[in-house]
Amino acid sequence: MTLPGPLGTPIRLTAAVLAALAVLTVALLGGSLARTGTGELEIPAAGSITLLRLLVVTALAVQIGEIAGVRIAGEGPLPRRWSLPAAAVGCAASAGLLVLLAVISGLKLTTVYGLREGRLLLVTANALALAALCAADRRPALALGPLAVAIGAEALRAHPEAYSPAVGVTLTVVHLTAASLWFGTLLYVLRTMRLRGGGRDVLMRYARMAAWVFAALAVTGTCSTLRRLPLDGVLTTAYGRVLVVKLALFGLAALLALTARRRMLGGGDAQPPARVELGVLAAVMVVSALLTVVPDPHWLLP
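So, here is what we can say about the structure in this document.

What counts as what
Residues numbered from 1 in each chain as written. Predicted model: local features only at pLDDT ≥ 70, side-chain atom pairs only at ≥ 80, totals over all residues. Heavy atoms only, no water. Helix = DSSP H or I, 4+ residues; strand = E, 2+ residues; numbered from the N terminus. Rg over C-alpha atoms; globule rule 2.2 N^0.38 Å. Buried < 20%, exposed > 50% of the residue type's maximum accessible area, 1.4 Å probe, protein only. Contact = heavy atoms within 4.5 Å. Lys, Arg positive; Asp, Glu negative; His and termini not counted. Charge placed at Lys NZ, Arg CZ, Asp CG, Glu CD. Axes fitted to C-alpha atoms, helices over the stretch in contact; angles between N-to-C directions. Parallel < 35°, antiparallel > 145°, perpendicular 65-115°, else oblique. Left-handed = near helix turned anticlockwise from the far one by under 90°. Core = buried A, V, L, I, M, F, W, Y, C linked by side-chain atoms within 4.5 Å.

1. Description of the overall build of the chain
Argument step 1. Scanning the chain for helices and strands turns up 10 helices and 0 strands.
Argument step 2. Its C-alpha atoms give the chain a radius of gyration of 19 Å, within 12% of the compact-globule value 19 Å for 302 residues.
Argument step 3. Seen through its principal axes, the chain has C-alpha atoms that stretch 55 × 45 × 45 Å.
Argument step 4. For the chain, the proportion of its 302 residues judged to be buried stands at 45%.
Argument step 5. Taking the intrachain contacts of the chain between residues at least 6 apart in sequence as the baseline, contacts between residues at least 24 apart amount to 73%.
Argument step 6. Placing the 26 positive and 13 negative side-chain charges of the chain at their respective mean positions leaves the two points 6 Å apart.

Quick look at the structure:
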């Protein structure tokens, strides 16, 4: 049996099912595996939190990448917009995190709204709901404002530390924006090229933007790691172990990007390595979501 659209062949359907199973496995078991032998306490509902966080960051990436991708694509047929369903899924995931926080803490939702974490989740959910309205009104560019608010709320949530919080928040805002552009725009560009049966010029324009995005990710990622992870915690903490996996995947994605660029400049077909690059970037996002549910090493190491 074959399905119409992107999953139109049994091979693609099988690959999609296997990818979904891999994501579930990493989300549900990744945190426990990373904590093996570290003595760190388990975060309650870590698997559910990982999945919901992944949905939120994926929703941001799809929307931001689509806005940038439309500009890069130029003239010609464009693929169906995914902004509206992405925003709806992200909003539902943020609301799910809010409810999960209430269940874990044993507090009422009205009480959770007053907590810092609860307020930030509520801001993210409302921002994504507004982005969905912009997409439904066929004005996706207007969603840039709500998406910026959602990214800011996620950055504030990720950096509750008392020491130089402004630096950490700024680094995360840039990092999350750059990551969304890399993954989301590449996804849209590959969909556009598939629709048009080619489009080397589109991939070329994307490659120019991706170079700046890669630089921003490398700089902000390095700075955030140096601030947050002491050297002696790289292999002795769950955070350090997950981060090593993320860095390895990031390096692989960079190598694939360079391979695609080399093929493109040489007149060859750059789409195969670009598709693999997209898959690796998806894995990076899964691991990034996992980083949010392992203990912060700053509070564990002297």
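2. Some words on the packing of helix α6 (residues 144-158) against helix α7 (residues 165-196)
Argument step 1. At a minimum axis distance of 9 Å, the contact between α6 and α7 shows a crossing angle of 130°. With respect to α7, the element α6 is oriented oblique. Handedness of the crossing formed by α6 with α7: right-handed. Residue-level contacts link Ile-151, Gly-152, Glu-154, Ala-155 and Leu-156 of α6 to Val-169, Thr-172, Val-173, Leu-176 and Thr-177 of α7.

3. Details of the nonpolar core
Side chains of nonpolar character tend, in soluble globular proteins, to be buried together.
Argument step 1. Counting 75 residues, the largest nonpolar core has Leu-60, Leu-147 and Tyr-206 as its most contacted members.
Argument step 2. Breaking this core down by element, the ones donating at least two residues are α2 (46-73), α3 (83-105), α5 (116-136), α6, α7, α8 (200-228), α9 (238-265) and α10 (271-291).
Argument step 3. It is α2 that contributes the most residues to this core, 13 residues altogether.
Argument step 4. Sequence-distant contacts of Tyr-206, defined by excluding residues within four places in its chain, comprise Ile-72, Leu-181, Trp-182, Thr-185, Leu-186, Val-189 and Glu-277.

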